[in-house]
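Reading the structure
Here is what each chain is made of, one letter per residue.
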Amino acid sequence: MKTILITGGAGFIGSHVVRLFVNKYPDYSIINLDNLTYAGNLANLADVEKMSNYEFIKADIVEGVTMMEIFRAYKVDGVIHLAAESHVDRSISSPMEFIHANIVGTVNLLNAARIAWKDNLENENRFYHISTDEVYGSLGDTGFFTESTAYDPRSPYSASKASSDHLVRAYYHTYKLSVVLSNCSNNYGSFQFPEKLIPLAINNIRNNKQIPVYGKGENVRDWLYVEDHAIAIDLIYHWGLNGETYNIGGQNEWKNIDLIRLLCKIMDKKLDREPGTSEKLITFVKDRAGHDLRYAIDSSKIQEELGWKPSLQFEEGMEKTIDWYLANEKWMKNVTSGDYQKYYEEQYLKR
Ligand code: NAD
Ligand code: TYD
């Protein structure tokens, strides 16, 4: 039985990865390690929390000794590392939290893995680091990020992720730690914390609140359905080559303002409102400091080498996503009221 430590499993993408692995690999023991920051919500995993191959550990990756103890106690065979501070806007107001969690936290996990796996560095163990396309910087109107694009991070978030990527590669070269990395574009789908653009807009439209669009809404992002990212992570964890990096993207670029207009159109239909009602909520607000203009990913490597491609067209993914948020009003209310933070105590500590 393999033991896989998934960090950040209570977050948005992590919860989809945990769900996929727990259901698909009954022979693996899946440990979700998360310290439940504002972004961690164990209710995201209510459907798998009683499965016999799933366990949750509340721990902070910034605590290095604890990480070593966990590796020893659980005989961890592999790591899928998603735990991070992930919101650019928060990194602008509180950069140090990003340095601690994203850089120091990653090094602590690398050290724990290096020590635990010292007799078997190149074979069965694997450290999989999940990163972002934002490490490559900002594009003009044309071009795509490839795996060999030089790093040029421009926000405290992307700089902290870039640092962690460099450290993972340094441990591969220096200590022969078995590693693999991926850099993905913007994800969307169920269970995303509603301070990120898409769930924020859905929730605001539903509640007739303004939709804040930064600057003129001209910035371009490539959007990938989160379950497609989880499938790519499964493929890379099992079949990605040692030391390699894979770019993951949706081949789906949207200007923010066009994306929001599409969302408004779908929402009008779903909520039975007059066409054009939701668009009136669009409000242009002060731009984000250092706002990267455009991200776009060339994902031909993972497509050619591992046979992955995005499964959903964007309109279909957006419909599914909107339907999920509309059907899960209780989840949204718990998050926006802060009640979700009681879930751990009520479901785990009082059992
Ligand atoms: P998220 O903010 O929704 O979740 C992060 C999770 O990590 C939370 O559950 C949080 O509690 C946990 N965490 C944070 N600091 C921790 C610490 N010190 N110790 C233990 N746990 C901690 O993030 P997400 O959007 O799911 O992103 C997951 C990963 O994927 C991140 O590494 C992010 O950089 C990367 N990524 C995200 C996107 C995206 O569009 N969301 C795109 C590409 C890559
Ligand atoms: P976000 O979801 O924060 O992801 P990232 O900055 O990591 O790409 O934002 C996506 C885009 O939407 C980004 O260009 C910033 C913009 N944005 C808004 O216009 N308004 C908002 O309220 C938010 C949260 C983001």
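For the structure, see preceding data.
Just so it is clear, the structure is predicted and the values come from calculations on it, not from any experiment.

**Focus on unusual backbone geometry**
- Despite not being glycine, L36 has its phi angle at roughly 55 degrees, a positive value.
- Among the structural elements, L36 can be located in the loop between β2 (28-34) and β3 (54-58).
- For Q251, which is not glycine, the phi dihedral falls at a positive 50 degrees.
- Assignment of secondary structure puts Q251 in the loop between β10 (245-248) and β11 (253-255).

**Quick look at the pattern of salt bridges**
- This structure, assessed with the given rule, holds 15 salt bridges.
- Its salt-bridge partner being K50, residue E49 comes within 3.9 Å of it at the nearest N-O pair.
- We note a salt bridge from D323 to K270, for which the minimum N-O separation is 2.9 Å. Taken as a pair, D323 in helix α10 (residues 314-327) and K270 in helix α8 (residues 256-270) lie far apart in primary sequence, 53 residues in all.
- Each of R206, E329 and K333 takes part in a single network of salt bridges with overlapping partners.

**Considering the site of ligand 1**
- Every one of the 29 residues lining ligand 1 counts as a neighbour, but I13, D34, S86, Y157 and K161 are closest to it.
- L82 has a polar backbone atom sitting 2.9 Å from an oxygen atom of ligand 1.
- Contact distances for ligand 1 include 2.7 Å between an oxygen atom and a side-chain N or O atom of S86.
- In the complex, 96% of the free accessible area of ligand 1, which totals 840 Å², lies under the protein chains.
- When residues of the shell around ligand 1 are assigned to their parent elements, the largest contribution, 3 residues, is made by strand β5 (residues 126-132).
- Looking at the shell around ligand 1 residue by residue, the class counts come to 15 nonpolar, 11 polar and 3 charged.

**Points about the nonpolar core**
- Formed by 39 residues in total, the largest nonpolar core has its most connected members in I6, F21, L42, I80, Y128 and I248.
- In contact with Y128, other than residues within four places in its own chain, are V79, I80, H81, V180, L181, S182, I233, I236, Y237 and I248.

**Section: the sheet that holds strand β7 (residues 186-188)**
- What the 3 strands build is an open sheet, ordered β7-β9-β11; its pairing is mixed. Both outer strands of the open sheet, β7 and β11, are each paired with one neighbouring strand and no more. With strand direction ignored, the average angle separating the axes of adjacent strands in the sheet is 50 degrees.
- Looking at chain direction, strand β9 (residues 220-225) and β11 are connected through 3 bridges and run antiparallel. Paired with D222 across the strands is E253, a residue of β11.

Reading the values: rules and limits
Residues numbered from 1 in each chain as written. Chains lettered and ligands numbered in written order. Predicted model: local features only at pLDDT ≥ 70, side-chain atom pairs only at ≥ 80, totals over all residues. Heavy atoms only, no water. Helix = DSSP H or I, 4+ residues; strand = E, 2+ residues; numbered from the N terminus. Salt bridge = Lys/Arg side-chain N within 4 Å of Asp/Glu carboxyl O. Near = heavy atom within 4 Å. Polar contact = N/O pair within 3.5 Å; in protein donor to acceptor, adjacent residues only side chain to side chain. Areas by Shrake-Rupley, 256 points an atom, 1.4 Å probe, with all protein chains shown as cover. Nonpolar A, V, L, I, M, F, W, Y, C, P; charged D, E, K, R; others polar. Core = buried A, V, L, I, M, F, W, Y, C linked by side-chain atoms within 4.5 Å. Buried < 20%, exposed > 50% of the residue type's maximum accessible area, 1.4 Å probe, protein only. Contact = heavy atoms within 4.5 Å. Pairing = 2+ DSSP bridges. Axes fitted to C-alpha atoms, helices over the stretch in contact; angles between N-to-C directions.

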